[in-house]
Amino acid sequence: MSEDHTMSIEEIIPSPESQPALKRKSDMNAPQFLSTAEAARMLGLSTTLVQTLVDQGDLKGWKTRGGHRRISIDSILDYQNASRSVLGNYAKTTIRPRVTVVVETPTLLSDLIKDYSLWDFAVDVTFFDSVTEALLELSSKRPDMMVVEMSMPRAQQEKTFQALENFNQRGRAPLSVVLISQEKGLSSALQAGAPSTIQVISGPLNSLWLHAYLTGVIASCRN
């Protein structure tokens, strides 16, 4: 595979309605590990973000003696399937998707708003500096997707998680939500066995992550 080859967005993120769930490679002769550049092309992310995902443990990989990263294909497929499940509930539409982003860290919020203003994305993003304000907006101005950075104490994070679960249970079409938290076992401690439309990830929320997330949103809405 040439390092200069550019894949189309359809190759990177196929339509959720037209593609089955990704399967692991069963051919023992097929490569089981990819370089950082290959993994980045497969995921449609930057190499920097892929390196961050490996450092965080979201992708499984290691460094060779020569200092080159090798990333497990199985973990890449797991990450793709998890990302698709977050976006899969969103019906395709000709209307610009609406995304609510909640960031309670003032400096990070300012940086994200500044960077978003430079991106030419067909997505309407509304930023909030308070989870409470964002939750109040849900009943009157419902977004299509929601991203929440949770840096508050665990007890408050659990209340936020439960409030969003209750909102989705009342509605006919669940809201796709990504909660970014450093708390361990937050989702497993609150889910009562039923599948949840809320995904909890370790983050971190930054401009690279948000750019990749919004790119995925646009891809999921294409016909």
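Since this is a predicted model, take the numbers as computed values, not measurements. (Residues numbered from 1 in each chain as written. Predicted model: local features only at pLDDT ≥ 70, side-chain atom pairs only at ≥ 80, totals over all residues. Heavy atoms only, no water.)

Student: Could you give me a rundown of the sheet that holds strand β2 (residues 61-63), with the residues and numbers involved?
Tutor: Reading across from one edge, β1-β3-β2 is the order of the 3 strands in this open sheet, with antiparallel pairing throughout. The open sheet has two edge strands, β1 (33-34) and β2, and neither has a second partner. Bridging between β2 and strand β3 (residues 69-72) involves 3 bridges; their strand directions are antiparallel. Among the inter-strand pairings, Lys63 is bridged to a residue of β3, identified as Arg69. Sitting on the sheet, helix α3 (residues 47-56) touches β2 and β3, and the angle it makes with β3 is about 70 degrees. (Pairing = 2+ DSSP bridges. Helix = DSSP H or I, 4+ residues; strand = E, 2+ residues; numbered from the N terminus. Contact = heavy atoms within 4.5 Å. Axes fitted to C-alpha atoms, helices over the stretch in contact; angles between N-to-C directions.)

Student: How would you sum up the packing of aromatic side chains? Please name residues and give values.
Tutor: Aromatic ring pairs are described here by two measures, namely the spacing of the ring centres and the angle between the planes. If you walk through the whole model with that rule in mind, you get 5 aromatic pairs. Taken together, a centroid distance of 4.7 Å and an interplanar angle of 75 degrees make the contact between Phe33 and Trp62 edge-to-face. Placement of Phe33 in strand β1 and of Trp62 in strand β2 is noted, with a sequence separation of 29 residues between them. A relative accessible area of 43% places Trp62 in the partly exposed class. When the centroid spacing of 5.1 Å and the interplanar angle of 10 degrees are considered together, the rings of Trp209 and Tyr213 count as stacked. (Phe/Tyr/Trp six-rings, centres within 6.5 Å; stacked < 30°, edge-to-face > 60°. Buried < 20%, exposed > 50% of the residue type's maximum accessible area, 1.4 Å probe, protein only.)

Student: Give a description of the pairing of strand β6 (residues 145-150) that names residues and reports values.
Tutor: Counting buried residues in β6 gives 6 out of 6 residues, a clear majority hidden from the surface. Here β6 shows no split at all, with Met145, Val147 and Glu149 on one side and Met146, Val148 and Met150 on the other all buried.

Student: A description of the nonpolar core should follow, citing residues and the corresponding values.
Tutor: If you look at the biggest cluster of nonpolar residues, it comprises 23 residues, and the most contacted ones within it are Trp209, Tyr213 and Leu214. Listing elements by their share of this core, those giving two or more residues are β4 (98-102), α5 (106-116), β5 (124-128), β6, β7 (176-181) and α9 (207-221). The residues touching Leu214, leaving out its near neighbours within four places in the chain, are Val99, Tyr116, Trp119, Phe121, Val123 and Val125. Formed by 17 residues, the second largest nonpolar core is a distinct cluster that contains Ala134, Leu164, Leu175 and Val177. (Core = buried A, V, L, I, M, F, W, Y, C linked by side-chain atoms within 4.5 Å.)

Student: Pulling in residues and values, what's your account of the environment of Val103?
Tutor: The topology assignment puts Val103 in the loop between β4 and α5. Sequence separation between Val103 and Ser130 is 27 residues; the distance between their C-alpha atoms is 7.0 Å. Not counting residues within four places of it along the chain, the set of residues in contact with Val103 comprises Leu108, Leu109, Leu112, Phe128, Asp129, Glu149 and Leu205.

Student: Can you tell me about helix α7 (residues 154-170), naming the residues and giving the values?
Tutor: Look at α7: 24 Å from first C-alpha to last across 17 residues, which is about the 24 Å you get at 1.5 Å a residue. Among all positions of α7, only Gln157, Thr160, Phe161, Leu164, Glu165, Phe167 and Asn168 are buried. Projection of α7 onto a plane perpendicular to its axis shows the buried side chains occupying an angular sector of 160 degrees, all on one side. Seen from the buried face of α7, the exposed residues on the opposite side, beyond 90 degrees, are Ala155, Lys159, Gln169 and Arg170. (Expected span 1.5 Å × (residues − 1). Arc of directions from axis to C-beta.)

Student: Describe the packing of helix α2 (residues 36-43) against α3, and please don't skip the residues or the numbers.
Tutor: Contact geometry for α2 and α3: axes closest at 9 Å, N-to-C directions at 100 degrees. Classified by the angle between their axes, α2 and α3 sit roughly perpendicular to one another. Facing α2, whose interface residues are Thr36, Ala37, Ala39, Ala40 and Leu43, α3 presents Thr47, Val50 and Gln51. Its residues assigned to classes, the contact of α2 with α3 comprises 5 nonpolar, 3 polar and no charged. (Parallel < 35°, antiparallel > 145°, perpendicular 65-115°, else oblique. Nonpolar A, V, L, I, M, F, W, Y, C, P; charged D, E, K, R; others polar.)

Student: Break down the sheet that holds strand β8 (residues 198-201) for me, with residues and values.
Tutor: Here we have 5 strands laid out as an open sheet, ordered β5-β4-β6-β7-β8, and parallel in their pairing. Edge strands, defined here as strands with exactly one partner in the open sheet, are β5 and β8. Put simply, the sheet's adjacent strands are angled 15 degrees from each other on average, direction ignored. Here α7 sits on the sheet and contacts β6, β7 and β8; the angle it forms with β8, its principal contact strand, is near 155 degrees.

Student: Describe the pattern of salt bridges, with residues and values.
Tutor: Evaluated as defined, the whole model comprises 4 salt bridges. Residues joined in a network through salt bridges with shared partners are Arg154, Glu158 and Glu183. (Salt bridge = Lys/Arg side-chain N within 4 Å of Asp/Glu carboxyl O.)

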